[in-house]
Amino acid sequence: MGELMNTHIAWRGIRNFMSVQKENPELLKAQYRAFTRQMPMMYFILLSSTWALAMTHMRIAPAWLTLGVPSLLTGGCLLRVIFWLRTKNSDPSPELAHAALLRTNRLAGGIAVAFTLWSFALIPYGDAYTRSHVAFYMAITVISCIFCLMYVRSAAFIVTLIVNGAFIAFFASTAQPTFVAIAINVLLVCTGMMSILLTNYRNFESMVVSKQQSEALSCENFKLANLDSLTRLGNRRAFFAELETELARAQANGVRLALGVMDLDGFKPVNDLYGHSVGDRLLAEVAARLSTTLTASTAFRLGGDEFAIIAPLPPENTQLVINANAIAAKLREPYRLPEGTVHISASMGIAVFPELALNCEQLFERADYALYHAKKRQRGGAVLFDSDHEYQINFEAKIESALKQADLENELSVVFQPIIDVRGPQTIGFEALARWDSPQLGKISPACFIPIAERAGIVGSLTKPLLWKALAAASLWGPSLRLSFNLSAHDLNSNDSVLMLVGIIQRSGFDPTRLDLEITETAFAHDFEQVTQSVETLRRLGCGISLDDFGTGYSSLTRLHALPLTKFKIDRSFVKDLHLRPSSYKIVKSLLALSADMGLDCVIEGVETEEELAALTALGGTSVQGYLFAPPLLEHEAAKFAAEPSGANRRIAV
């Protein structure tokens, strides 16, 4: 049984050695490509040698041997030459390459037998010289074939065994010393040739495998360079590369292409409350939901909690927005993590090529602009970039251009809105508000030009003249009045900016202990450590630090407690119709209680009706500002307002 098993294994090894293996598709294709270059040369050598041998036997052998058989063999060989020439520059599939090499393997045996039999048929004719020519023909031809067939090991061995086996056996059997010596010499040469062939084949195979491994490593490196390791989605680099590819395809085919840029709402509090590891798991879960929800579209992670979706051949715009809102709805579903159930939402901006966007830069910028509007006005939903947005972009571009060219010292001014202590009532300070009167554009609302200046990174150039003007005006007030002045994130994101603020305050002569610098919660999203350091520098100077629009941002209570705050301001959105909206009433009540617990002052913004004031007073609110008392006042109006008897202030405003 053991001997039978060994025989079976040995036979299977020989069979595999003498056949074309298909386990490595790339090796098959490499063998095929090498063959297309070498097979025509092999047939040329074979046919030229054949007709040379036929010519030496023309007068001594029958015509069917010297003309008929060589003509038939030539016809068959030419058909194979044509086949290989036609496929010379092709890139075959592994299946096609395997089939062609198998066919070559079979044909190698048939061709070897045919040419060998023809050669032996010529031996009886002629003298020792012509027979020597036959021996030379068979020896030199098989050596040439070995070289040309070296990339298909099995075919080279088949040809060698058939031709040389018959050659050596025949000439050794003649007992003629010269032929016996030739047979032995050919045997030795072919043995050496086959050894060289095996070495070269192994080197060829090793080279192909090494190339495969190198390409696989290169592909893996490329994949890693273009893959977000956390979410397994394409990263920012992959996104822009894919966007360019899809846009080029859409341009070539005359079809539409949609881009969605998405930002998670409420992700930062999760990160702050539970830690970055939970935030990472949440991002991975968001990516998983996107991958399962999208069918014809592809999602990417651009960084942080920002994602993008490329949608080739999108539906018409109405359906496109419906689909985007469906994705947002899927992402709003609760995330059940080990640490607790998390609720977030996603806002999305969409832009479509070629509608209002003609290249990659425009497509991305306009999707991002639509996202900005979604987060501002339709948080948790999708906004499609349209002609109104295009008009707004052009208008904002004009404002940005005008700001960069403006004479800020002369064009910017400051107005002051009173802050009232309702227990007096009495004026306890003013908030400085920016105004801009452009010679080209006229009066521009600060709600318009300040966000544009922030996005353009030039808001710091506005802060300097505005702070100078505000401090100069406040220096003329009574010593009990405070000044509130708004700072942007850009004013706090570097030591140089903070030193510039400190220098202005110190040179103004205004007592910094009467100055409250207002900062929005979003400022802390830029660089919490740097902003905290900047705030601490201003506190050491004596300035108060007020958190503006409290409750509308995403700062965690832990972070707020770590900041050197002196007060915070409750946003107008919670005050409007407070007496009619139980949810707002509860929020304001909680915020007032929080300010008391944290030992912070609290100013309530946007009070416009007596009913709102009555509700706030009932909740314990004391410091308020709004149109119920006075609109923003010019510098001389503010001085007059502050100088009037405290009890008259509200009566005048009402």
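Presented here is an overview of the structure given in this document. Just so it is clear, the model here is predicted, and its values are computed rather than measured. (Residues numbered from 1 in each chain as written. Predicted model: local features only at pLDDT ≥ 70, side-chain atom pairs only at ≥ 80, totals over all residues. Heavy atoms only, no water.)

### Re the pattern of salt bridges
Using the criterion set out here, one finds 21 salt bridges in the structure. For Arg-366, the salt bridge is made with Glu-390, and the minimal N-O distance between the two is 3.4 Å. Here Arg-366 is found in helix α12 (residues 360-377), whereas its partner Glu-390 is found in helix α13 (residues 387-405), with 24 residues between them in sequence. On the accessibility criterion, Glu-390 (25% relative accessible area) is partly exposed. The partner of Glu-612 in a salt bridge is Arg-572, and the shortest N-O contact between them spans 3.2 Å. (Salt bridge = Lys/Arg side-chain N within 4 Å of Asp/Glu carboxyl O. Helix = DSSP H or I, 4+ residues; strand = E, 2+ residues; numbered from the N terminus. Buried < 20%, exposed > 50% of the residue type's maximum accessible area, 1.4 Å probe, protein only.)

### Structural notes on the packing of aromatic side chains
Within this structure, the stated rule accounts for eleven aromatic pairs. Centroid distance Phe-239 to Phe-240: 4.8 Å. Interplanar angle 65°. Geometry classified as edge-to-face. Overall, the relative accessible area of 0% leaves Phe-239 in the buried class. Owing to a relative accessible area of 29%, Phe-240 belongs among the partly exposed residues under this scheme. Considering the side-chain rings of Tyr-369 and Phe-385, the 6.2 Å spacing of their centres and the 75° angle between planes classify their relative orientation as edge-to-face. With Tyr-369 in helix α12 and Phe-385 in the loop between β7 (382-384) and α13, this residue pair connects regions lying 16 residues apart in the sequence. With respect to burial, Tyr-369 and Phe-385 carry one shared label: buried. In textbook terms, an aromatic cluster arises when at least three aromatic residues are bridged by ring pairs, as seen for Phe-239, Phe-240, Phe-300 and Phe-364. In this structure, Arg-455 packs its charged tip against the face of Tyr-372, placed 4.5 Å from the ring centre. (Phe/Tyr/Trp six-rings, centres within 6.5 Å; stacked < 30°, edge-to-face > 60°. Lys NZ or Arg CZ within 6 Å of the ring centre and 35° of its normal.)

### Digging into the environment of Arg-572
When you line up the elements, Arg-572 lands in helix α20 (residues 572-575). For Arg-572 and Ala-52, which are 520 residues apart along the polypeptide, the C-alpha to C-alpha distance reads 105 Å. At 2.4 Å, the side chain of Arg-572 and the backbone oxygen of Gly-606 are in polar contact. (Polar contact = N/O pair within 3.5 Å; in protein donor to acceptor, adjacent residues only side chain to side chain.)

### Here's the deal with the sheet that holds strand β6 (residues 345-353)
In spatial order, the strands read β2-β3-β1-β6-β7; together these five strands make up an open sheet with mixed pairing. Two strands in the sheet have a free side with no partner beyond their single neighbour: β2 (298-303) and β7. Taken pair by pair, the neighbouring strands of this sheet meet at an average axis angle of 20°, ignoring direction. As paired elements, strand β1 (residues 257-265) and strand β3 (residues 306-312) share seven bridges and run antiparallel to each other. If you follow Ala-258 over to β3, its bridge partner there is Ala-311. Against the sheet, α12 touches β1, β2, β3, β6 and β7, its axis set at about 145° to β6. (Pairing = 2+ DSSP bridges. Axes fitted to C-alpha atoms, helices over the stretch in contact; angles between N-to-C directions. Contact = heavy atoms within 4.5 Å.)

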